[in-house]
Amino acid sequence: NAGVTQTPKFQVLKTGQSMTLQCAQDMNHNSMYWYRQDPGMGLRLIYYSASEGTTDKGEVPNGYNVSRLNKREFSLRLESAAPSQTSVYFCASKSGQALNTEAFFGQGTRLTVV
Amino acid sequence: AQTVTQSQPEMSVQEAETVTLSCTYDTSESDYYLFWYKQPPSRQMILVIRQEAYKQQNATENRFSVNFQKAAKSFSLKISDSQLGDAAMYFCAYRNVNTGNQFYFGTGTSLTVIP
């Protein structure tokens, strides 16, 4: 019962380094999301993908890029990491357009940029 | 932009007692869904309960229930017979047809359960 799987779970980067956060879901969901969670700010949407082949910016897209590689996978890339990107990152997926469908979340990636 | 406000950063409750977590939201839409998610120390986000705006009856899931006041744009979560495993961060979330696929989350309430 994998659900949404994120890798890695923890990462420390130096300022200016790049990295890609990986996310995969095995529930055949159309929509996938990347959120960041910061203390006192809740979850903020970075990017989302409504379906394979499409991506859209969320509330805080600057400094990030995404790729919807196929229906299962949605990756988040930091090209040049900055200390302001220190956060916990969550990937989520959802099955359809119906309003009542919930989002399923991965276990998060704690990223520290020093 | 949609806004979801949780005005209680931290709450505590005695084991077996009842606690209510507050959530208000801002919208001009009539059809939308509201959600409460629980995030325990494991970081895993778990859906607790959901409510459709068109339904007047408050949603209930075992010990969890909501008080949905549409006119007041209020969506509070009541946890009855609190258990130690209820200790977590709780997030209120909103979604409507015009936000497309986006969920809007509040800033969260950290709940401590005192034995």
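For the structure, check the block above.
Residues numbered from 1 in each chain as written. Chains lettered and ligands numbered in written order. Predicted model: local features only at pLDDT ≥ 70, side-chain atom pairs only at ≥ 80, totals over all residues. Heavy atoms only, no water.

Trainee: Explain the overall build of chain A to me, using residue names and the numbers behind them.
Mentor: Helix and strand counts for chain A come out as zero helices and eleven strands. Ordered by position in the sequence, the α and β elements of chain A form the string β-β-β-β-β-β-β-β-β-β-β. In terms of overall size, chain A behaves like a compact globule, its C-alpha atoms giving a radius of gyration of 13 Å where 114 residues would be expected to give roughly 13 Å. A total of 114 residues make up chain A; the buried ones form 50% of that total. (Helix = DSSP H or I, 4+ residues; strand = E, 2+ residues; numbered from the N terminus. Rg over C-alpha atoms; globule rule 2.2 N^0.38 Å. Buried < 20%, exposed > 50% of the residue type's maximum accessible area, 1.4 Å probe, protein only.)

Trainee: Pulling in residues and values, what's your account of the interface of chain B and chain A?
Mentor: Across the boundary between the two partners, chain B contributes 22 residues, which contact 31 residues of chain A. With both sides pooled, the region where chain B packs onto chain A buries about 2,200 Å², and carbon together with sulfur makes up 51% of that total. The interface formed by chain B and chain A contains one salt bridge. The residue E102 of chain A makes a salt bridge to R50 of chain B at a minimum N-O spacing of 3.0 Å. Put simply, the parts of the chain that give the side of chain B that touches chain A at least two residues each are β5 (32-39), β6 (46-52) and β10 (88-96) of chain B. In terms of residue count, the dominant contributor to the side of chain B that touches chain A is β5 of chain B (five residues). Here the residues of the side of chain B that touches chain A sort into ten nonpolar, eight polar and four charged. (Contact = heavy atoms within 4.5 Å. Buried area = accessible area lost by both parts, 1.4 Å probe. Salt bridge = Lys/Arg side-chain N within 4 Å of Asp/Glu carboxyl O. Nonpolar A, V, L, I, M, F, W, Y, C, P; charged D, E, K, R; others polar.)

Trainee: Would you mind going over the state of the cysteines in detail, with residue names and values included?
Mentor: Residues and elements named next belong to chain A. In total, this model carries two disulfides over all chains according to the counting rule given. Bridging C23 to C91, the disulfide has an S-S length of 1.8 Å. Judged by the sign of its S-S torsion, about -75 degrees, the bond between C23 and C91 is left-handed. Of this pair, C23 sits in strand β3 (residues 19-25) while C91 sits in strand β9 (residues 87-94), and the two are 68 residues apart along the sequence. Judged on exposure class, the residue C23 and its partner C91 are both buried. (Disulfide = S-S within 2.5 Å.)

Trainee: Can you tell me about the pattern of salt bridges, naming the residues and giving the values?
Mentor: Residue and element names in this part refer to chain A. In total, this model carries five salt bridges over all chains according to the counting rule given. D38 is the salt-bridge partner of R36, the closest N and O atoms lying 2.9 Å from each other. For R36, a relative accessible area of 8% gives the class buried. Its relative accessible area of 9% is what places D38 among the buried residues. Each of R36, D38 and R44 takes part in a single network of salt bridges with overlapping partners.

Trainee: Which residues make up the layout of surface pockets, and what are the values?
Mentor: Its volume calculated, the largest pocket comes out at about 430 Å³. The wall of the largest pocket is formed by 23 residues, among which Q37, D38 and P39 of chain A together with Q39 and M89 of chain B lie closest to the centre. Of all elements in the fold, only β4 (31-38), β9 and β11 (109-113) of chain A together with β10 of chain B reach the threshold of two or more residues within the lining of the largest pocket. Counted by class, the lining of the largest pocket contains nine nonpolar, eleven polar and three charged residues. (1 Å grid on protein atoms, 1.4 Å probe; cavity = no way out; pocket = protein on both sides within 12 Å on 5 of 7 lines; lining within 4 Å. Points joined across faces, edges and corners; volume = space filled by probe spheres on them.)

Trainee: Any chance you could break down the packing of aromatic side chains for me, citing the residues and the numbers?
Mentor: Think of a pair of aromatic rings as described by two things: how far the centres are apart, and how the planes are tilted against each other in angle. In total, this model carries 19 aromatic pairs over all chains according to the counting rule given. Taking 5.4 Å as the distance between ring centres and 80 degrees as the angle between the ring planes, the aromatic pair formed by F105 of chain A and Y37 of chain B counts as edge-to-face. Of this pair, F105 of chain A sits in strand β10 (residues 104-105) while Y37 of chain B sits in strand β5, placing the two residues on different chains. There is no split in this pair, since F105 of chain A and Y37 of chain B are both buried. The residue whose ring lies beneath K70 of chain B is Y54 of chain B, and the NZ or CZ to ring-centre distance is 4.8 Å. Sitting above the plane of the F103 of chain B ring, R95 of chain B keeps its charged end 5.5 Å from the centroid. (Phe/Tyr/Trp six-rings, centres within 6.5 Å; stacked < 30°, edge-to-face > 60°. Lys NZ or Arg CZ within 6 Å of the ring centre and 35° of its normal.)

Any functional reading would require information that these geometric values do not contain.
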